[in-house]
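Inside the fold
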Amino acid sequence: MKITLLHTADVHRERFDRIRDRIAPDMILKHVVRPRWLQRAQDGIDAALEQEIAGVIARAPGPVLCTCTTLGPVAESAGAMRVDWPMMRAAAGAQGPVLMAFCLESTYAPSLALLERALAEQGTPQKVYPLPMPQYWPLFEAGETDAFDAVIAGEVRQAVAAQGDVAAVVLAQASMSGAAARLEDLGVPVLSSPELALRAVLDVAGG
């Protein structure tokens, strides 16, 4: 069984391969990496980019998982699964306010819309506290992943303490998932998208 993963950062190859090796070693992952798509999408996704994304998805073998949150709505409309959808559904199941952490402004609107869709689907509207951290994105771009994970975890920890009523934390971008391991003692579920999404797309492929 082959699954195509559509990325905008090369680092996700290793991230998803590690998860695959642990949960479904027989699955074949085909990685398609298009960093310029995210750059082009920062000021809005135009018709030309939509067509490029749709073309890659149409030609891909097997189910397609889009790991870029910014491109998620367009990829979904072209038939791909969004990396953050299983995570948002899990967050909605927490039955309380959600802290949504993100590092790219272009992520905010699609992430919030998807979380609100998940909350509406479960009939559990809740407060969503946004936690923007654009100042840390250059660390990820520079490959400083340990520092990136550390500062995100620190900001999330402070935000949860300040709010006091958070039922779940969403790390809105797949690139932020490394921070979750640093927050295991938080006392609040910290949800990241890669493993939840890969398990979901494997269920689709196997079903």
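Presented here is a report on the structure given in the accompanying data block. If you're wondering where the values come from, they're calculated on a predicted model, not measured in any experiment. (Residues numbered from 1 in each chain as written. Predicted model: local features only at pLDDT ≥ 70, side-chain atom pairs only at ≥ 80, totals over all residues. Heavy atoms only, no water.)

Judged by which residues are buried, strand S6 (residues 128–132) turns out to be one-sided: Tyr 129 and Leu 131 face inward and are buried, whereas Val 128, Pro 130 and Pro 132, on the alternate face, are not. Bridge count between strand S5 (residues 98–102) and S6: five bridges; the pairing is parallel. In the sheet register, Val 98 faces S6, and the bridge partner there is Val 128. A crossover connection joins S5 to the parallel S6 through helix H6 (residues 105–121); in handedness this β-α-β unit is right-handed. (Buried < 20%, exposed > 50% of the residue type's maximum accessible area, 1.4 Å probe, protein only. Helix = DSSP H or I, 4+ residues; strand = E, 2+ residues; numbered from the N terminus. Pairing = 2+ DSSP bridges. Right-handed = clockwise from strand over helix to strand, strands pointing away.)

What follows concerns the packing of aromatic side chains. Within this structure, the stated rule accounts for four aromatic pairs. Each ring, one from Phe 140 and one from Phe 148, has its centre 5.4 Å from the other, and the planes form 45°; the classification is tilted. Phe 140 gets classed as buried once you look at its relative accessible area, which sits at 9%. One aromatic cluster is present, built from ring pairs that chain together Trp 137, Phe 140 and Phe 148. Note that Arg 34 overlies the ring of Trp 37, its terminal NZ or CZ placed 5.9 Å from the centroid. Sitting over the ring of Trp 85, Arg 117 keeps its end group 4.9 Å from the ring centre. (Phe/Tyr/Trp six-rings, centres within 6.5 Å; stacked < 30°, edge-to-face > 60°. Lys NZ or Arg CZ within 6 Å of the ring centre and 35° of its normal.)

Looking now at the layout of surface pockets. Estimated volume of the largest pocket: approximately 390 Å³. Every residue lining the largest pocket is counted, 20 residues in all, and those nearest its centre are Arg 15, Arg 18, Ile 19, Ser 177 and Gly 178. The set of elements that each furnish at least two residues to the lining of the largest pocket consists of helix H1 (11–23), helix H8 (145–163), strand S8 (190–192) and helix H9 (193–206). Sorting elements by how many residues they give to the lining of the largest pocket places H1 first, with six residues. Split by residue class, the lining of the largest pocket holds eight nonpolar, five polar and seven charged. Counted as a void, the second largest pocket has a volume near 320 Å³. Lining the second largest pocket are 19 residues, and of these Thr 8, Ala 9, Leu 38, Trp 137 and Phe 140 sit closest to its centre. Put simply, the parts of the chain that give the lining of the second largest pocket at least two residues each are helix H2 (35–41) and helix H7 (137–141). (1 Å grid on protein atoms, 1.4 Å probe; cavity = no way out; pocket = protein on both sides within 12 Å on 5 of 7 lines; lining within 4 Å. Points joined across faces, edges and corners; volume = space filled by probe spheres on them. Nonpolar A, V, L, I, M, F, W, Y, C, P; charged D, E, K, R; others polar.)

Bear in mind that shape data such as this cannot, by itself, settle questions of function.
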